[in-house]
Amino acid sequence: LVSRDHKSEDTIIKVKQTTIGGLSHTLIAGPCSVESREQLETVASALKQTGLSVMRGGAFKPRTSPYSFQGLGEEGLKMMKDVADESGLVTISEIMSPNQIDIAAPYIDIFQVGARNMQNFDLLKAVGQTKKPVLLKRGLSATLEELMLAAEYILHHGNDQVMLIERGIRTFETATRNTLDISAVPILKQETHLPVLVDVSHSTGRKDILLPCAKAALAAGADGIMVEIHPDPANALSDGKQQLNMEEFQAFWDGLTDSGLYR
Ligand code: PEP
Ligand code: MN
């Protein structure tokens, strides 16, 4: 169902007035974790200023350590909805288990299935039975074949509104948090009809190379980019090192649009 042989034309995801896939690019930005209403309001106004329409923010957080901030849960999702209702933004947030689907559905527009749950088959089946778009992240050690088969689960269970996102894979390289597999982009674009995005924040883990990596993603044919931004990264409750502050985000956006690659 995900293959180009099955369907040759590009899938375009439509949410509110926003489309993902097709002829225009999408930049998804927002904090790693939802922390407060004020935080989201600052991020939302930065997005509105640049004319962007999709805000991310994690409320159910898959943290490596049980002692790290685990996310605000439903309270965080409520904040997202309040800010989205005021700003007209489309929202995306991660769910980690099937039972979080019903909790999250009233508050957000797009479900994110995170890298750690790419092969949580019960979750894939469950989001497949919903009517909301799903952003499926590549697993830390998943092959492209495994990513496509994970997407196949969602389509097979009835939901064809699926986007794929390369977010870096585990290699021996330590200069970056993960290794951005840029070749994933043209391969997934060739093999599937689904929108393909690149998360430059989790794939690199470092702010200084986000712009060239985003340009590379667009040059390789990606439909969009995801980037983490935070009003005060130094005090962020997760992923502080890789998040851009609002000024850096503006420079990132200017660099991307000046490159002529973003359309
Ligand atoms: C995220 O996008 O919030 C996240 C946890 O990313 P990943 O699942 O790719 O690690
Ligand atoms: Mn993060």
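Residues numbered from 1 in each chain as written. Chains lettered and ligands numbered in written order. Predicted model: local features only at pLDDT ≥ 70, side-chain atom pairs only at ≥ 80, totals over all residues.

### Observations concerning unusual backbone geometry
Backbone phi values are negative for most residues with the exception of glycine, while trans is the configuration of most peptide bonds.
Here is step 1 of the chain: Despite not being glycine, Lys16 shows a phi value in the positive range, around 50°.
Here is step 2 of the chain: Relative to the helices and strands, Lys16 is located in the loop between strand S1 (13–15) and strand S2 (18–20).
Here is step 3 of the chain: Its 13 C-beta neighbours within 10 Å are what place Lys16 among the partly exposed residues.
Here is step 4 of the chain: A positive phi is found at Asp239, a non-glycine position, where the angle reads about 50°.
Here is step 5 of the chain: By the secondary structure assignment, Asp239 is in the loop between strand S10 (224–228) and helix H9 (246–258).
Here is step 6 of the chain: A count of 19 C-beta atoms within 10 Å places Asp239 in the partly exposed class. (Helix = DSSP H or I, 4+ residues; strand = E, 2+ residues; numbered from the N terminus. Buried ≥ 20, exposed ≤ 12 C-beta atoms within 10 Å, placed from the backbone.)

### As for the UniProt feature "domain: DAHP synthetase I/KDSA" (unreviewed entry) in the protein
Here is step 1 of the chain: When the UniProt feature table is mapped onto this chain numbering, "domain: DAHP synthetase I/KDSA" (unreviewed entry) sits at residues 12–252.
Here is step 2 of the chain: Between the C-alpha atoms that bound residues 12–252 the distance is 26 Å, and the span itself is 35% helix and 17% strand. (UniProt positions renumbered as here; feature names shortened; annotations may be inferred.)

### Examining the pairing of strand S3 (residues 26–30)
Here is step 1 of the chain: Counting buried positions over the five residues of S3 gives five, a clear majority of the element.
Here is step 2 of the chain: Both faces of S3 are covered, namely the face carrying Thr26, Ile28 and Gly30 and the face carrying Leu27 and Ala29.
Here is step 3 of the chain: When S3 meets S10, the two strands line up parallel, connected through five bridges. Its bridge partner lying in S10, Thr26 is registered against Gly224.
Here is step 4 of the chain: Of the pairings in the sheet, the one linking S3 to strand S4 (residues 54–56) comprises two bridges and is parallel in character. (Pairing = 2+ DSSP bridges.)

### Remarks on the confidence of the model for the protein
Here is step 1 of the chain: Predicted confidence across the protein gives a mean pLDDT of 98, with 100% of residues reaching 70 or more.
Here is step 2 of the chain: Of the two predicted TM-score estimates for the complex, the pTM is 0.98 and the ipTM is 0.99. (pLDDT = per-residue confidence, 0-100.)

### What to know about the environment of Lys137
Here is step 1 of the chain: Position of Lys137 relative to the elements: it lies in strand S7 (residues 134–137).
Here is step 2 of the chain: Judged by the 26 C-beta atoms lying within 10 Å of it, Lys137 falls in the buried class.
Here is step 3 of the chain: Linking Lys137 and Ser8, residues 129 residues apart in sequence, is a C-alpha distance of 23 Å.
Here is step 4 of the chain: Among all residues touching Lys137, those that are not within four sequence positions of it are Gln112, Val113, Gly114, Ala115, Met118, Ile165 and Arg167. (Contact = placed C-beta atoms within 7 Å.)

### Details of the site of ligand 1
Here is step 1 of the chain: Residues in close proximity to ligand 1 include Cys32, Gly58, Pro62, Glu94, Gly114, Ala115, Arg116, Lys137, Arg167, Asp199 and His202, which together make up its full environment.
Here is step 2 of the chain: Of the residues assigned to the shell around ligand 1, the class counts are three nonpolar, three polar and five charged. (Near = placed C-beta within 6 Å. Nonpolar A, V, L, I, M, F, W, Y, C, P; charged D, E, K, R; others polar.)

### Examining the environment of Met96
Here is step 1 of the chain: Here Met96 is to be found in the loop between strand S5 (90–94) and helix H3 (99–104).
Here is step 2 of the chain: Distance in space between the C-alpha atoms of Met96 and Lys61 is 7.9 Å, their sequence separation being 35 residues.
Here is step 3 of the chain: Look past the residues within four positions of Met96 in its chain and what remains in contact with it is Phe60, Pro62, Gly114 and Asn117.

### A short note on the pairing of strand S9 (residues 196–199)
Here is step 1 of the chain: Taking every second residue as pointing to the same face, both faces of S9 are buried, with Val196 and Val198 on one and Leu197 and Asp199 on the other.
Here is step 2 of the chain: The β-α-β motif built from strand S8 (residues 162–166), the intervening helix H6 (residues 184–191) and the parallel element S9 has right-handed crossover chirality.
Here is step 3 of the chain: Sheet topology note: the S9/S10 ladder contains three bridges and is parallel. Bridge pairing in S10 links Leu197 to Gly224. (Right-handed = clockwise from strand over helix to strand, strands pointing away.)

### Considerations on the packing of helix H4 (residues 121–128) against helix H5 (residues 144–156)
Here is step 1 of the chain: The interhelical angle for the contact between H4 and H5, taken along N-to-C directions, is 40°, at an axis separation of 7 Å. On the basis of their axis angle, the class for H4 and H5 is oblique. Like other packed secondary-structure pairs, H4 and H5 cross with a definite hand, here right-handed. Touching Phe121, Leu124, Lys125, Val127 and Gly128 of H4 are Ala150, Tyr153, Ile154 and His156, all from H5. (Axes fitted to C-alpha atoms, helices over the stretch in contact; angles between N-to-C directions. Parallel < 35°, antiparallel > 145°, perpendicular 65-115°, else oblique. Left-handed = near helix turned anticlockwise from the far one by under 90°.)

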